Amino acid sequence: MRVSRISAFALIALLLVPIAASAVSTAQDQNWPWGNASEPFPWLDYLKSLPHEDGVTLIIITRHESTILEKTRQAFLSSPVAKELGIKNIQFVQAGPEQWETYIQRGIERGRPIDVAWGGGPTLFNYIDSKGYLEPLDTSTHPEYLAIMYEMTKIPETIAGVPTYLKGDDGLIHWIGAAISSFGITVNHKLLQQYNLPTPQKWDDLTKPEFAKELPTTPLVGVADPTMSTSNTRMYEIILQGYGWDQGWRVLTLMAANAKIYDSSSGVRDAVILGEIAAGITIDFYGYTAMHQNPDCEYILPQGLTIVNADPIAIIKGTKHPVQAAAFVAWVLSQYGGQQIWLDTDVNRLPINPSVFNTTLGQERQDLLQAYETAINSPGIEFNETLAGLTERPMQFYFKATLVKAHDDLQQVWAAIAKAYLEGKITKEQFDTLVNKLTEPFTFKDPLTNQEVTFTQEYAVKISKHIGDQAVFQALMSQWEDGARQRYQETYQLLQQMLQGSTATGTQTGTTTQETTTTTTGGGGVSTQLIAVIIGIIVIIGAAYFILKK
């Protein structure tokens, strides 16, 4: 088996060689201003010839974690690109997605614009682009961008059917993928076995009552707050589109009910690695990192229910250092530069440029090569990026209010429902009724119209452009949290009615509140009220007898 696996890796590598060679050949065949200069970085001398300052610090806004950023800083600043173009440092601005517009605008107002945006997913970059903050790569006015265009020739135009770059209405490139990402479930097989749990293969497997058997003391699933995690936000968008809006929210609600909710996606990853939870939803490279650090871990792609997309990099409009900004972007895309960062065993990301697998380091990462091949050939959903962008912020905040802020109520009620079902105290029909009640939409007042509405996809699109208004935001968050808590408590009351009206074997003999009060507690057909009356009469007769006897 080991020999055949190595042979398979070798075959894949051989198949990639002509693809990479073809890409490089295409790049070299074009009429580049640097002529036939050889790799690595054939464009470097050309960029040096263009006007630029020395002693530059590049400012880069990013969603990447610290490990990636530190390894990038060390590798880039020690490269000939940084040394010969006078780049002395990189200042990384790690900001949540909701903060990007503020940070970018603040830099412009202070006269020191951010130079590059790197990592955070297509939806975030599309939003920033819609606000006019991304620099189109117009080589007629900025010849330094030719270095980026050269490196782009090595990158497939699509991966798994998804474009690897964004072309604007002006016909120019606005962002380019710097890595590719898939989204799935990372499991710890040791814990799955310990709690006798099935290995989840799809998102809705994490909603099963079996994963609630240790609740509320020991959650066995992990997810992250979407307002704190762009990768978890993307997975929630995938679930909503893959299952449909209504069923998607049912999946999200029950998944959150089974889960501990972390403040970051890395927190989910670490919990799986450490054996604190049995399964967590993660971006692919977190899953591969978990597999490297703990052999009990495995990353699973939900077949037919995920996507593969490019994780962008772009130049911010108004940069004062266009030559150095272009050089950094080109370096990130090069198989001799930033693409090698992804191969580091502490990072484990899938590169956008397959040529990196032909480098010395790339030859050592046949596991990532196999993961790359699996990802680009995995069937996925037809994902609507525009719809994701239109509903993202309302979705994040609705999740925050109903599933994070009201999480204690949700989890306690769900734990009681799951326990009753697993112990045979309620039937499958009753269980389904309770699940429907727990997850069905509730009404709230639209602060724009004062009309009663529910959180439909159409409403999310409508309210998206208004949710930045503080008054609208506060009104919605308060109503959403209160409405969720009320729904959960109503469901708990329904569960109690079912339990009070059930036999020991879980067969319900009464369904309404009125029927429950007159339901038998055994098979004799005598109501509890009648039994109480008879006992009372017996007690009175007995008391009278003893009094008369005296």
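Since the model is a prediction, treat every value here as computed from it, not as a measurement. (Residues numbered from 1 in each chain as written. Predicted model: local features only at pLDDT ≥ 70, side-chain atom pairs only at ≥ 80, totals over all residues. Heavy atoms only, no water.)

Draft legend 1. Main features of the packing of aromatic side chains. Taken as a whole and assessed by the stated rule, the structure comprises 29 aromatic pairs. On the basis of an interplanar angle of 20° and a centroid distance of 6.2 Å, the ring pair of Tyr398 and Phe442 is categorised as stacked. On the criterion of sequence distance, the pair formed by Tyr398 in helix H16 (residues 385–405) and Phe442 in the loop between helix H18 (428–439) and strand E14 (444–445) is long-range, its members being 44 residues apart. Of the two residues, Tyr398 and Phe442, neither departs from the other in class, the shared state being buried. Considering the side-chain rings of Tyr398 and Phe455, the 4.0 Å spacing of their centres and the 10° angle between planes classify their relative orientation as stacked. In this pair, Tyr398 is assigned in helix H16 and Phe455 in the loop between strand E15 (452–453) and helix H19 (457–464), connecting sequence segments 57 residues apart. Across this residue pair, the class does not change: Tyr398 and Phe455 are buried. (Phe/Tyr/Trp six-rings, centres within 6.5 Å; stacked < 30°, edge-to-face > 60°. Helix = DSSP H or I, 4+ residues; strand = E, 2+ residues; numbered from the N terminus. Buried < 20%, exposed > 50% of the residue type's maximum accessible area, 1.4 Å probe, protein only.)

Draft legend 2. The side chain of Thr253, seen in detail. One can find Thr253 in helix H10 (residues 245–258). If sequence neighbours within four positions are ignored, Thr253 has contacts with Leu403, Leu410 and Thr439. (Contact = heavy atoms within 4.5 Å.)

Draft legend 3. Structural view of empty space enclosed by the protein. Evaluated as defined, the whole model comprises two cavities of 30 Å³ or more. By volume, the largest cavity amounts to about 60 Å³. Looking at the largest cavity, the residues that line it are Glu237, Leu240, Gln241, Trp245, Leu387, Ala388, Thr391 and Gln457. In this structure, the second largest cavity encloses a volume near 30 Å³. In terms of lining, the second largest cavity is formed by Glu135, Leu137, Ile148, His174, Trp175, Ile176, Ile313, Ala314, Ile315 and Val329. When residues of the lining of the second largest cavity are traced back to their parent elements, those giving at least two are strand E7 (173–188) and strand E12 (308–315). (1 Å grid on protein atoms, 1.4 Å probe; cavity = no way out; pocket = protein on both sides within 12 Å on 5 of 7 lines; lining within 4 Å. Points joined across faces, edges and corners; volume = space filled by probe spheres on them.)

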